[in-house]
Amino acid sequence: MATLGIWIAAFLTICIYSFLYRDNPFYRFAEHLLVGMSVGYIIVLTIYFGFIPYAWTPIKNAVTGETSALGFLTLIPICMGLLFFARLSDRHAWLIRYPIAILMGISSGIMIPNALQTDIFAQIRGTLGPYSVIGTLSAFEIVGAILMVVGVVCTLTYFFFSVEHRGPIAGISKVGIAFLMIGFGSAFGNTVMGRVALLIQRVDFLINGWLGTIF
């Protein structure tokens, strides 16, 4: 069975990389197989870790008397979720506004504090934190801390459109553009290196894992 699994993995890997030549039925087969298996896997996870513990089990326990009748309150979010299917009817499509409004409200209440904490407060702390212990930093670390503040100020200035970018503001904005380009280039390079690492892993599998079963 292990050998069969290796051959299947090698076949699908070659099918995916066959797209480097051109679009073909083998690539489409592997692509559709991946999408289908992913959707099926997500459906199974949703049923076993979402529907059963949070919908089916509380209602079943309430019906059998194992828990109090409060278990029937689960029907409220279930009914609100079923309203998403009202979109399938032109006559009742307006009902979908209620679950969307509830979902957006809950999501905003959860995400906005988290976004403030991670994207603003944590970033400010990370930018200014080194200055609280600057006496213990090396010269290289001090230069890095200064560059961090300069980069943040210049980049934010570039996105400050309430003042026309002329004179000193224009110069600071250009410095901010340079920092942005460096950041984008670093992110792109990291993405490319990640893809190259995946390619190396698959090539290593084909040479040592698959061809090793032949020779």
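Counting restarts for each chain: residues are numbered from 1 in the order of the written sequence. Owing to the predicted nature of the model, reporting of local features is limited to residues with pLDDT of at least 70; listing and counting of side-chain atom pairs is limited to 80 or more, with chain, interface and lining totals taken over all residues. Side-chain numbers here rest on the full set of heavy atoms in the structure, without hydrogens or water.

Regarding a nonpolar patch on the surface
For step 1, the next point in the chain: Like-charged residues are merged into a patch within 9 Å and nonpolar side chains (Val, Leu, Ile, Met, Phe, Trp, Tyr) within 5 Å, provided each residue has over 30% relative accessible area and no salt bridge. Residue burial considers only the protein chains on display, and all accessible areas are found by Shrake-Rupley using a 1.4 Å probe. By convention in these notes, a salt bridge is any Lys or Arg side-chain nitrogen within 4 Å of a carboxyl oxygen on Asp or Glu. Together, V35, V39, Y41, I42, I43, V44, L45, I47, Y48, F49, F51 and W56 give the surface a local cluster of nonpolar side chains, amounting to about 1,300 Å² of exposed area.
For step 2, the next point in the chain: Under the scheme used here, helices are H or I runs from DSSP no shorter than 4 residues and strands are E runs no shorter than 2 residues, and both carry numbers assigned from the N terminus. Within the fold, L45 resides in helix α2 (residues 25-64).

Quick notes on the packing of aromatic side chains
For step 1, the next point in the chain: Each Phe, Tyr or Trp ring, with Trp reduced to its six-membered ring, pairs with another whose centre is within 6.5 Å; inter-plane angles below 30 degrees give stacked pairs, above 60 give edge-to-face pairs, and intermediate values give tilted ones. This model, assessed by the stated rule, comprises five aromatic pairs.
For step 2, the next point in the chain: A ring pair is formed by W7 and W210, whose centres lie 5.6 Å apart and whose planes are at 85°; its orientation type is edge-to-face. Of the two residues, W7 is situated in helix α1 (residues 2-17) and W210 in helix α6 (residues 168-210); the sequence distance between them amounts to 203 residues.
For step 3, the next point in the chain: Judged by its relative accessible area of 18%, W210 falls in the buried class. Type-normalised accessible area, obtained with a 1.4 Å probe on protein chains alone, sets the label of each residue: buried when under 20%, exposed when over 50%, and partly exposed for intermediate values.

Observations regarding the confidence of the model for the chain
For step 1, the next point in the chain: The predicted model of the chain has a mean per-residue pLDDT of 90, with 100% of residues at 70 or higher.
For step 2, the next point in the chain: In the model of the chain, helix α3 (residues 75-82) stands out as the element of lowest mean pLDDT, 88, in contrast to α6, which has the highest, 93. How sure the predictor is of each residue is captured by pLDDT, a score from 0 to 100.

Topic: the pattern of salt bridges
For step 1, the next point in the chain: Enumeration over the complete set of coordinates arrives at two salt bridges.
For step 2, the next point in the chain: Between R28 and D23 there is a salt bridge whose closest N-O contact spans 3.4 Å.
For step 3, the next point in the chain: Accessibility expressed as a relative area gives 35% for R28, which makes it partly exposed.
For step 4, the next point in the chain: Look at D23 and you get partly exposed, because its relative accessible area is 43%.
For step 5, the next point in the chain: Between R166 and E164 there is a salt bridge; the shortest N-O distance is 2.9 Å.
For step 6, the next point in the chain: Judged by relative accessible area, R166 falls into the exposed class, the value being 60%.

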